[in-house]
Number of protein chains: 10
Amino acid sequence: MRFMVQMVVRLPGEWPAQRLEEIGKAENARGHELINAGKLRRLFRIVGRRANFSIWDAASLEELHENLSSLPMHPWMDITVTPLIEHPSEIEFKELYGALPALD
Amino acid sequence: MRFMVQMVVRLPGEWPAQRLEEIGKAENARGHELINAGKLRRLFRIVGRRANFSIWDAASLEELHENLSSLPMHPWMDITVTPLIEHPSEIEFKELYGALPALD
Amino acid sequence: MRFMVQMVVRLPGEWPAQRLEEIGKAENARGHELINAGKLRRLFRIVGRRANFSIWDAASLEELHENLSSLPMHPWMDITVTPLIEHPSEIEFKELYGALPALD
Amino acid sequence: MRFMVQMVVRLPGEWPAQRLEEIGKAENARGHELINAGKLRRLFRIVGRRANFSIWDAASLEELHENLSSLPMHPWMDITVTPLIEHPSEIEFKELYGALPALD
Amino acid sequence: MRFMVQMVVRLPGEWPAQRLEEIGKAENARGHELINAGKLRRLFRIVGRRANFSIWDAASLEELHENLSSLPMHPWMDITVTPLIEHPSEIEFKELYGALPALD
Amino acid sequence: MRFMVQMVVRLPGEWPAQRLEEIGKAENARGHELINAGKLRRLFRIVGRRANFSIWDAASLEELHENLSSLPMHPWMDITVTPLIEHPSEIEFKELYGALPALD
Amino acid sequence: MRFMVQMVVRLPGEWPAQRLEEIGKAENARGHELINAGKLRRLFRIVGRRANFSIWDAASLEELHENLSSLPMHPWMDITVTPLIEHPSEIEFKELYGALPALD
Amino acid sequence: MRFMVQMVVRLPGEWPAQRLEEIGKAENARGHELINAGKLRRLFRIVGRRANFSIWDAASLEELHENLSSLPMHPWMDITVTPLIEHPSEIEFKELYGALPALD
Amino acid sequence: MRFMVQMVVRLPGEWPAQRLEEIGKAENARGHELINAGKLRRLFRIVGRRANFSIWDAASLEELHENLSSLPMHPWMDITVTPLIEHPSEIEFKELYGALPALD
Amino acid sequence: MRFMVQMVVRLPGEWPAQRLEEIGKAENARGHELINAGKLRRLFRIVGRRANFSIWDAASLEELHENLSSLPMHPWMDITVTPLIEHPSEIEFKELYGALPALD
C-alpha cells in the first residue's frame, strides 16, 4: 500500500544550531533505515520551507503509524496522511505501453 | 525540475455517463502522451475522491504550465503546484548507500 | 484495515421528491450489499445534516476506493478518508480485560 | 445516545519521555474505566498523528461531558463532538437482514 | 436535552417573491408546531442575515434529527448542531439564588 | 437588546489545579452578579469543551462590552458576539398562540 | 448604536448590463433614503471588488436588520455585522482635546 | 487616501495589570498624536474583544505604514489594511443632496 | 503608489472555445492599454492555474479601482489588493549600491 | 525562472530592540547579497505588517531553496512560494509594442 504524507515541521525558532544539527542527524539516520527497509520510498523537500512531501509503502496501517511515529522530529510535525491507489490512467498506460519510466 | 501537483476535479454531478466517459478517455489519452514525453512521472488517485496527487518533471515553468493546461479536465480542476527539491536526507542516503530502490 | 469515512452529501435543493426517493433507494441498496460483504461496517447519520460518519473495512486501498465510488450519490459527495489503527489503549484493554463489549 | 468524538492531542514537544509515559498511563487507565463502564465504545488512533476518533455512548449530555473532561490529557486536547443517530440505511438493513456483523 | 442549532439559509437569489413567501409561510407553520410541541424553544434571527441561532429540546437525538429535517427550508440550510449542558456557574447560581429570571 | 456570545477559553495546560480553581471561582462569582443584574441571561456549556454559548441582554453596546470585559477569564477567551433579534416566526407565533413556553 | 457592516456582493457574471444597471439604481436609491434617515452613515467601496465597508447607526437591532434587508441586492450579499463602541482612546482624546476632526 | 484597518491585539494573558496599563497609556498617547495629525480618523472598539476597526487617512502608503508601525502594541497586533474609495452611491448622494451628515 | 493584485479567474467550465477566445482577446486588449498607460506594470501567470499576480501603479485609489473594474473578466474574478511600499532593505540597498538591476 | 514569495515574519513580541536591530541588519545584509547576485529581484513591504511580497529569480529550484533558507529570519517566517511564468498578455504586448516600461 502507498501513502502520500505531508510533514510540516515547526521547530522553535530559538533552538541553538547544535540542537538543530543533532535532531537533523537523528532524523536523517532514522530516515535512511526506513528507506533501506523499503518503507520510505521518496522524500521531497518543499522549496523554501521546513516541510516535505513523502511517499511511503506499508504492509499495514499499523506499520505506517509506527514508522511515522519513530521519526525524532515527529513531536514537532503536523502530519497529513493520504491513502493512494494506482490511477486508472496509469493502469491503462501500462497495458498499452508497459512500465512507466523509472523515477530517479 | 520536479513538482507535486494536487488536482481536485469537480465535474457537475448531472453529467450523463457518456460525457464522463468521453472526457475520461480524452484525459487518459493526453496523460499517456505526457507520460511518454517524460513529463508526467507518477499519477496517484486519492482514495475515495475524484482527485489525485501527481509528480511532474519540467524543463521550464512554461512547459509545466502548458502541460497542465492541456488536460481536457483542466477547466474543472482546482490545481495546487508545489515546487520540490531533493531532500537533504535523500542526498545523504545516496552518498552512503547508492540509489534508492526503484519506485514501481 | 479500517477507515473512518466522512461523507457530506450536497444534493441540489431543487430536486423533486421522486428523484430524491429514487437515489435514496439505490444508495441504500448498494449500502446493504456492502454491509453484507463485510465492507461497510457501520454507518451513522450526523444529526440534522445530510452527512454521515461511516466505518469501513477493506482488504486493500483499491477495494475501498471501488466501494466508495460505487455509491450512487458519490458524484454529489465530499468525502474524507481517515486511515485508522487500533488505539494502544484498546490493545492494552484487551490484554487486561478481554474483548470490548460488542457495538450494537 | 451515541457520539463521534475527534480528539487532537497537542502535547508540548519539549516534554521528557517520563512525563509522556506518566500521562499516557493515566490516560489509558481512565480510558479503561470508561470502556468497562460501557461509555467509551471504540477508540481508533488516526494513522501518523497524536489524534483519534472515538465512539461514545452516554445516557445524558452531562454524563458525556463529565467523561470527556475526566481524561488526564483533556487540557491539551482539541475536541469535536458530533451527535449521531442510526442511519436510515442501517435501520432498513436490520429489517431486511437482521443485525449487522459484530464490530471487533 | 438541549442543543444550539445554527442555521444558515442559502436560497437562490433568483427566486420570485411568491416562492419566497410560500416557503416562508410553510417554514413558519412547521416552526409553530415545533414550538407548541416544546421542541423548538427559542429562535433568534441573526441581524442582517438569512440565518438564525435556535435552541432545541429533544428527548432523543433521533427526535432532534427528525424535527430539523422536517423544516421546509432544510434542503437549503447549512446546519451546525452543538450539544449543550447546564453550565456549572448556572448550577451554582441556582443553589445560591434560585431560578434564573425567565427568558422572555 | 439580545446577543449570542460564544466564548472559547484557552487556559494554559500547565496551570496547577489551585490556579484553575481560583479563577473558576472568580469567574462564577462575576457571572452570578451579571445574572442577578439581568445581563447574563443564559449560559450553556458546550459538551466536551472549555467553551460556552451564552445569551446576554444589554441596554447598550457599551454595557455589553463592559460586562464581557469584566470576566476574570476574558484575557484567555476568544469571543464572538452575534447581535440577535426576535425571529419573524416567533413574533407570528406570539400573535397566534401567546407567549412561548418558559425556558428553564 | 453603531455597527460596521461588510457586504460582499456576488452577482451572477452572466447578468446583462441592463439588469446590473437597474439593480444598481435601485440599490443607490434605497441607500440614499437610508443616508437621509441618518441610518447609513458612511459607505466605502473596497478597491477592486464588488464589496464595501459601511458604518450604520440604529436605534435598535430590529431597525438595523430591517434596513439591511431592505437593500435590493441583499439576496446576493454575504453580510457581516460587527457591533462597535467608542474606543477608550477616542473618549480620552475628546476629554483632552475636544471633538475629533469631522470625517468628510 | 482612506483605509480601513482592522487590528486584533493578542497580548499575553499573563501580563500583570501594571504592564497592561503602561502599554495602554503609551498606545493612547500615540493614537492621540495621530488623531491630531489628521491621520487616524476614527477608532472603534469591537464589542467584547481586544480588537478594533479604524479609519485612516494617509498622503502616501509609506506614511500609513510608518504610522501603523509606530503604535506601541504593533508587535502584538494582527493587522489587515483595506484600501477604500468613495462609494458611487455616496458620490451620487452628494450630487443630489449635498454633504452627508457629520459623523460624530 | 504600488499594489500587488492577485486575480483568480473562475470562468464556467461549460463556456465554448469561441467565448473563451473572445473574452481573452478583450482582456488582453484592455490589459495592453493599461500597460501603455503605465498602470499595469507587470502581469505574471501562476503556473497551472487561471490566476495571476500583477503589479499595479496608481496615482490614486480611485484610479486603481477604475482600472481593475474595467477588465472584461472582472465579474468572474476574485481579487485581492495588497498595498505595497518600498522595503527598507531595498532603500538601504539603493543608498549603498545604486539602482536594482532592471526587471525584464 | 521567476517566483513570487510571500514571507510573513512572526518575531516574538518580547524581543528587545537590540535583538530586533541585529537580526534586521543581518537580514538586510544577506538580502543585499542576493540582490547583487541577481536572485532577489524585488522586495515589497506589505503596508502595516511585518510581511512582504518578493520576486525571485533562480536557475534551479535548489538555488531558490538555498537562498530562501539563508535568510537570518527564515526560522520565524511562514513562506509561500508561487511559480510564475510570463502572462500571455505580456507576451502579446511585447510583440505588439516592444518591452514593457522598466520597473523602478
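Here we summarise the structure given alongside this text. (Residues numbered from 1 in each chain as written. Chains lettered and ligands numbered in written order. Predicted model: local features only at pLDDT ≥ 70, side-chain atom pairs only at ≥ 80, totals over all residues. Heavy atoms only, no water.)

1. Overview of the overall build of chain A
Part 1: Regarding its fold elements, chain A presents 3 helices and 4 strands.
Part 2: Moving toward the C terminus, one meets the helices and strands of chain A in the order β-α-β-β-α-β-α.
Part 3: In terms of overall dimensions, chain A has C-alpha extents of about 55 × 30 × 20 Å along its principal axes.
Part 4: Expressed as a percentage of contacts within chain A between residues at least 6 apart in sequence, the contacts between residues at least 24 apart total 67%.
Part 5: Of the roughly 4,400 Å² that chain A leaves accessible, carbon and sulfur atoms contribute 52%.
Part 6: Once the 12 positive and 15 negative side-chain charges of chain A are each reduced to a mean point, those two points are 5 Å apart. (Helix = DSSP H or I, 4+ residues; strand = E, 2+ residues; numbered from the N terminus. Contact = heavy atoms within 4.5 Å. Areas by Shrake-Rupley, 256 points an atom, 1.4 Å probe, with all protein chains shown as cover. Lys, Arg positive; Asp, Glu negative; His and termini not counted. Charge placed at Lys NZ, Arg CZ, Asp CG, Glu CD.)

2. Quick notes on the interface of chain H and chain J
Part 1: Each side of the interface is counted separately: chain H has 12 residues, and chain J has 7 residues.
Part 2: Summing the contributions of chain H and of chain J, the shared interface buries around 790 Å²; its carbon and sulfur component is 53%.
Part 3: For the interface between chain H and chain J, the tally reads 1 salt bridge.
Part 4: Its salt-bridge partner being J:Glu14, residue H:Arg19 comes within 3.1 Å of it at the nearest N-O pair.
Part 5: Linking chain H with chain J are 5 residue pairs in polar contact (both at pLDDT 80 or more).
Part 6: For the side of chain H that touches chain J, the secondary-structure elements that each account for two or more residues are α2 (61–69) and β4 (77–86) of chain H.
Part 7: In terms of residue count, the dominant contributor to the side of chain H that touches chain J is α2(H) (4 residues).
Part 8: Class assignment of the residues belonging to the side of chain H that touches chain J gives a composition of 9 nonpolar, 2 polar and 1 charged. (Buried area = accessible area lost by both parts, 1.4 Å probe. Salt bridge = Lys/Arg side-chain N within 4 Å of Asp/Glu carboxyl O. Polar contact = N/O pair within 3.5 Å; in protein donor to acceptor, adjacent residues only side chain to side chain. Nonpolar A, V, L, I, M, F, W, Y, C, P; charged D, E, K, R; others polar.)

3. A word on the packing of helix α3 (residues 88–97) of chain E against helix α1 (residues 17–36) of chain F
Part 1: Running from amino to carboxyl end, α3(E) crosses α1(F) at an angle of 65°, the nearest separation of the two axes being 10 Å. For the crossing formed where α3(E) meets α1(F), the hand is right-handed. Of the residues in α1(F), those in contact with E:Ser89, E:Glu92, E:Phe93, E:Leu96 and E:Tyr97 of α3(E) are F:Asn28, F:His32, F:Ile35 and F:Asn36. (Axes fitted to C-alpha atoms, helices over the stretch in contact; angles between N-to-C directions. Left-handed = near helix turned anticlockwise from the far one by under 90°.)

4. Topic: the side chain of D:Asn52
Part 1: The residue D:Asn52 is located in strand β3 (residues 51–57) in this model.
Part 2: Setting aside its immediate chain neighbours within four residues, D:Asn52 contacts C:His87, D:Val5, D:Gln6, D:Met7, D:Leu43, D:Phe44, D:Arg45 and D:Ile46.

5. Some words on the sheet that holds strand β2 (residues 40–46) of chain A
Part 1: One closed barrel holds the 8 strands; their spatial order is β1(A)-β3(A)-β2(A)-β4(B)-β1(B)-β3(B)-β2(B)-β4(A), and the pairing between them is antiparallel. Looking at each pair of strands side by side, their axes are set apart by 35° on average, direction ignored.
Part 2: Two elements, strand β1 (residues 2–9) of chain A and strand β4 (residues 77–86) of chain A, share 8 bridges in a ladder whose sense is antiparallel. Bridge assignment links A:Gln6 to a residue of β4(A), and that residue is A:Thr80. (Pairing = 2+ DSSP bridges.)

6. So, the pattern of salt bridges
Side-chain pairs of opposite charge can arise where the charged atoms are in close proximity.
Part 1: A full pass over the atoms with the stated rule returns 80 salt bridges over all chains.
Part 2: Residue B:Asp57 is joined to B:Arg2 by a salt bridge in which the shortest nitrogen-to-oxygen separation is 2.9 Å. Placement of the pair is B:Asp57 in strand β3 (residues 51–57) and B:Arg2 in strand β1 (residues 2–9), with a sequence separation of 55 residues. Accessibility assignment for this pair places B:Asp57 and B:Arg2 in one class, buried.
Part 3: H:Lys94 serves as the salt-bridge partner of H:Glu86, at 2.2 Å between the closest nitrogen and oxygen.
Part 4: Residue H:Glu86 is classed as partly exposed on the basis of its relative accessible area, which comes to 33%.
Part 5: Relative accessible area serves as the criterion here: at 31%, H:Lys94 is assigned to the partly exposed category.
Part 6: Counted as one network, the salt bridges with shared partners bring together A:Arg2, A:Arg41 and A:Asp57. (Buried < 20%, exposed > 50% of the residue type's maximum accessible area, 1.4 Å probe, protein only.)

7. Thoughts on the interface of chain A and chain B
Part 1: Chain A puts 34 residues into the contact, and the matching count from chain B is 34 residues.
Part 2: For the pairing of chain A and chain B, the buried interface totals around 3,900 Å² over both sides, and the portion due to carbon and sulfur atoms is 63%.
Part 3: Contact with chain B buries surface across chain A, with A:His32, A:Arg45 and A:Leu103 losing the most and accounting together for 16% of the total.
Part 4: In this structure, the connection of chain A to chain B is made through 0 salt bridges.
Part 5: The tally of links between chain A and chain B comes to 12 residue pairs in polar contact (both at pLDDT 80 or more).
Part 6: Among the secondary structure elements, those contributing two or more residues to the side of chain A that touches chain B are β1, α1 (17–36), β2, β3 (51–57), β4 and α3 (88–97) of chain A.
Part 7: Of the residues forming the side of chain A that touches chain B, the biggest block, 7 residues, is contributed by α3(A).

8. Focus on the environment of H:Trp56
Residues and elements named next belong to chain H.
Part 1: With respect to the helices, strands and loops of the structure, Trp56 is situated in strand β3 (residues 51–57).
Part 2: With relative accessibility at 1%, the residue Trp56 sits in the buried group.
Part 3: When the C-alpha atoms of Trp56 and Met4 are compared, they prove to be 6.5 Å apart, with 52 residues separating the residues in sequence.
Part 4: Here the side chain of Trp56 touches Ser54 through a polar contact of 2.8 Å, side chain to side chain.

9. Examining the relation of the copies chain H and chain J
Related by rotation about an axis and a shift along that axis, the two copies of the chain form a pair.
Part 1: Relative to chain J, chain H is turned by 72° and slid 0.0 Å along the rotation axis, the superposed coordinates differing by an RMSD of 0.0 Å. Here the copies are linked by what is in effect a five-fold axis. Among all residues of chain H, the minimum C-alpha distance to the rotation axis is found for H:Pro12, at 9.5 Å. (Least-squares fit on C-alpha atoms with pLDDT ≥ 70 in both.)

10. Points about the relation of the copies chain A and chain B
Part 1: When chain A is fitted to chain B, the best match, at an RMSD of 0.0 Å, comes from turning it 180° and sliding it 0.0 Å along the axis. Accordingly, the operation relating the two chain copies is best matched by a two-fold axis.
Part 2: The fraction of interface residues of chain A whose copies in chain B are also interface residues reaches 100%, indicating that both copies meet through the same surface.

Keep in mind these values describe shape, not function.
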